[in-house]
Amino acid sequence: METSPGPSRRLLRIAPALCLLLLIAGCAENYPQTTLLPRGDFGRMVDSLFRTTVFWAAIVFVLVEGALLFAIFKFRGRPDDPEPRQVHGHTGLEVVWTIIPAFILVMIAVPTIKTIFRTSDYASGDVITVEVIGHQWWWEFRYPDLGIVTANEFRVPVDRTINLRMTSADLIHSFWVPQFAGKRDVLPGRHNPLWFKAEVTGSFNGQCAEFCGVQHARMSFVLHVDSAAAFEAWVANERVGSPLVNSGRVVRDTTGPRDAAADSLERAGQAAFTAGGCLGCHAMVGTPLAGTTSLKGPNLSHVGSRTTIVAGMLQNTPDNLARWLSNPDSVKPGVLMILPRKLTSGEIATLVAYLRSHR
Ligand code: CUA
């Protein structure tokens, strides 16, 4: 009579199905943080290096495992076998197993060194420079030539090389947009280069890739790749009110139809923002400290037009913003944003209206 299969037997039976599932999951086109679907020239170079290495590793695997299996079956011991012929010091074999690995290492080393040299410095030519500054636990993006400062989301035009000049305001972080460029550490007191040229438009996830404290995992950001026209429009909008553009002249966004009730709510929000001490950490269009210095908290100019808040953690909706303002530490434990006191729901409503009005 047949007994029921043991757990390891059962695992063996479903193993092929599991493998297939993993394979399908790995092929999903919209897997958000894959390095296997590069969308830029830098990512493509790293990906091609990876594929080259895997190709040679596969050859090594097949040759070594094949030789091993062949030897196991061909030369397996039988009772009363005499001692096999000894091949120690066989010159032919020694030469073969020195030359083959040396050849494989050269085939991997040449493209590796070429890629290291090509990716370790700034790109030249017609480039857009973006300064990247890592903070616990958010990202600052500055466009020195365009007079723009933003946080946790940045935009670039498609088919244009972007030079990133990266540093940190506190400790070591690592900048990583898996589909565009390799990880690169950002270090305090030092600038590291990285560049890429996006080949398609869309929004792509980025992530801090170096443990940097309790909220390291939630130090993410979004890279938006726009068409040239959409990027120009974004730049024009971001420059409204920027003291880096019009020497400190304060301009408040008043795009779109206005209604009196919304207007007074936003004005109350602006008053609360100024009186409540938010300005101590957050630069904001239309306030005295509109973004000339790198402050402790994210620059909030035009925050209403971002797709996410809290370093890529929450969708930018009125409800999420209200939830965040009511108790930041419960949303992101350990966050360095300290409210001077608990805000009332009325204050939160005005702040939400004010922040959302800056689009
Ligand atoms: Cu910053 Cu991890």
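A brief report on the enclosed structure follows. (Residues numbered from 1 in each chain as written. Predicted model: local features only at pLDDT ≥ 70, side-chain atom pairs only at ≥ 80, totals over all residues. Heavy atoms only, no water.)

## Considering the overall build of the protein
Turning to step 1, where the next piece is worked out: Broken down by element type, the protein carries 8 helices and 12 strands.
Turning to step 2, where the next piece is worked out: Within the protein, buried positions represent 38% of all 359 residues.
Turning to step 3, where the next piece is worked out: At a minimum sequence separation of 6, the contacts of the protein that also span at least 24 residues come to 64%.
Turning to step 4, where the next piece is worked out: Per element, the accessible surface of the protein, about 20400 Å² overall, is 64% carbon and sulfur. (Helix = DSSP H or I, 4+ residues; strand = E, 2+ residues; numbered from the N terminus. Buried < 20%, exposed > 50% of the residue type's maximum accessible area, 1.4 Å probe, protein only. Contact = heavy atoms within 4.5 Å. Areas by Shrake-Rupley, 256 points an atom, 1.4 Å probe, with all protein chains shown as cover.)

## Considering the side chain of N316
Turning to step 1, where the next piece is worked out: Looking at the element boundaries, N316 is found in the loop between β12 (314-315) and α6 (318-326).
Turning to step 2, where the next piece is worked out: On the basis of relative accessibility, which here comes to 10%, the residue N316 falls in the buried class.
Turning to step 3, where the next piece is worked out: A polar side-chain atom of N316 sits 3.0 Å from the main-chain carbonyl oxygen of V303.
Turning to step 4, where the next piece is worked out: If sequence neighbours within four positions are ignored, N316 has contacts with V303, G304, R306, T307, T308, I309 and R356. (Polar contact = N/O pair within 3.5 Å; in protein donor to acceptor, adjacent residues only side chain to side chain.)

## Overview of the nonpolar core
Turning to step 1, where the next piece is worked out: Core analysis: the largest hydrophobic core is formed by 37 residues, its most contacted members being W139, F154, L164 and F175.
Turning to step 2, where the next piece is worked out: Breaking this core down by element, the ones donating at least two residues are α2 (41-74), β1 (127-135), β2 (138-143), β4 (153-157), β5 (161-168), β8 (192-197), β10 (220-226) and α4 (228-238).
Turning to step 3, where the next piece is worked out: Considering every element that reaches this core, the biggest residue donor is β1, with 4 residues.
Turning to step 4, where the next piece is worked out: For F154, the contacting residues outside a window of four places in its chain are V130, F141, Y143, L164, F175, F221, V222, L223 and H224. (Core = buried A, V, L, I, M, F, W, Y, C linked by side-chain atoms within 4.5 Å.)

## Section: the packing of aromatic side chains
Turning to step 1, where the next piece is worked out: In total, this model carries 16 aromatic pairs according to the counting rule given.
Turning to step 2, where the next piece is worked out: Ring centres 5.8 Å apart and planes at 85 degrees place the aromatic pair W56 and F103 in the edge-to-face group. Pair noted here: W56 is in helix α2 and F103 is in helix α3 (residues 91-119), with a separation of 47 residues, a long-range link.
Turning to step 3, where the next piece is worked out: Residue W56 is classed as buried on the basis of its relative accessible area of 12%.
Turning to step 4, where the next piece is worked out: Overall, F103 belongs to the partly exposed group, its relative accessible area being 46%.
Turning to step 5, where the next piece is worked out: Among the aromatic residues, ring-to-ring pairing joins W139, F141, F154, F175 and F221 into one connected group.
Turning to step 6, where the next piece is worked out: Looking at K183, its charged tip hangs above the ring of W176, at a distance of 4.5 Å from the centre. (Phe/Tyr/Trp six-rings, centres within 6.5 Å; stacked < 30°, edge-to-face > 60°. Lys NZ or Arg CZ within 6 Å of the ring centre and 35° of its normal.)

## Some remarks on the sheet that holds β10
Whenever strands of a sheet pair, they do so through backbone hydrogen bonds, lying parallel or antiparallel.
Turning to step 1, where the next piece is worked out: Read from one edge of the open sheet, 3 strands run β4-β10-β9, paired in mixed fashion. Of all strands in the sheet, those bounded by a partner on one side alone are β4 and β9 (202-207). Pairwise comparison of adjacent strand axes, ignoring direction, gives a mean angle of 25 degrees for this sheet.
Turning to step 2, where the next piece is worked out: Pairing of β9 with β10, which is carried by 6 bridges, proceeds in the antiparallel orientation. Looking at the pairing, Q207 lines up with S220 of β10.
Turning to step 3, where the next piece is worked out: Strands β4 and β10 of the sheet are contacted by α4, whose axis makes an angle of about 135 degrees with β4. (Pairing = 2+ DSSP bridges. Axes fitted to C-alpha atoms, helices over the stretch in contact; angles between N-to-C directions.)

## Some points on the environment of C208
Turning to step 1, where the next piece is worked out: Position of C208 among the secondary structure elements: in the loop between β9 and β10.
Turning to step 2, where the next piece is worked out: Sequence spacing of C208 and S174 is 34 residues, and the spatial spacing of their C-alpha atoms is 5.1 Å.

## Section: the pairing of β10
Turning to step 1, where the next piece is worked out: Among the 7 residues that make up β10, 7 are buried, leaving the element largely enclosed by the rest of the structure.
Turning to step 2, where the next piece is worked out: Alternating residues of β10 divide into S220, V222, H224 and D226 and F221, L223 and V225, and every residue in both groups is buried.
Turning to step 3, where the next piece is worked out: Pairing between β4 and β10: 5 bridges, direction parallel. In the sheet register, R155 faces β10, and the bridge partner there is H224.

## Notes on the packing of helix α5 (residues 260-275) against helix α8 (residues 345-357)
Turning to step 1, where the next piece is worked out: Relative orientation of the contacting elements α5 and α8 amounts to 100 degrees, with a least axis distance of 7 Å. Classed by the angle they form, the pair α5 and α8 counts as roughly perpendicular. Counted together, L265, E266, A268, G269, Q270, A272 and F273 of α5 and A349, T350, L351, A353, Y354, L355 and S357 of α8 form the full contact between these two elements.
Turning to step 2, where the next piece is worked out: Grouping the constituent residues of the contact of α5 with α8 by class yields 9 nonpolar, 4 polar and 1 charged. (Parallel < 35°, antiparallel > 145°, perpendicular 65-115°, else oblique. Nonpolar A, V, L, I, M, F, W, Y, C, P; charged D, E, K, R; others polar.)

## Digging into the environment of E210
Turning to step 1, where the next piece is worked out: In this fold, E210 is placed in the loop between β9 and β10.
Turning to step 2, where the next piece is worked out: For E210, a relative accessible area of 31% translates into the label partly exposed.
Turning to step 3, where the next piece is worked out: Between the C-alpha atoms of E210 and R184, which are 26 residues apart in sequence, the distance is 9.2 Å.
Turning to step 4, where the next piece is worked out: For E210, the contacting residues outside a window of four places in its chain are I172, H173, S174, D185 and H216.

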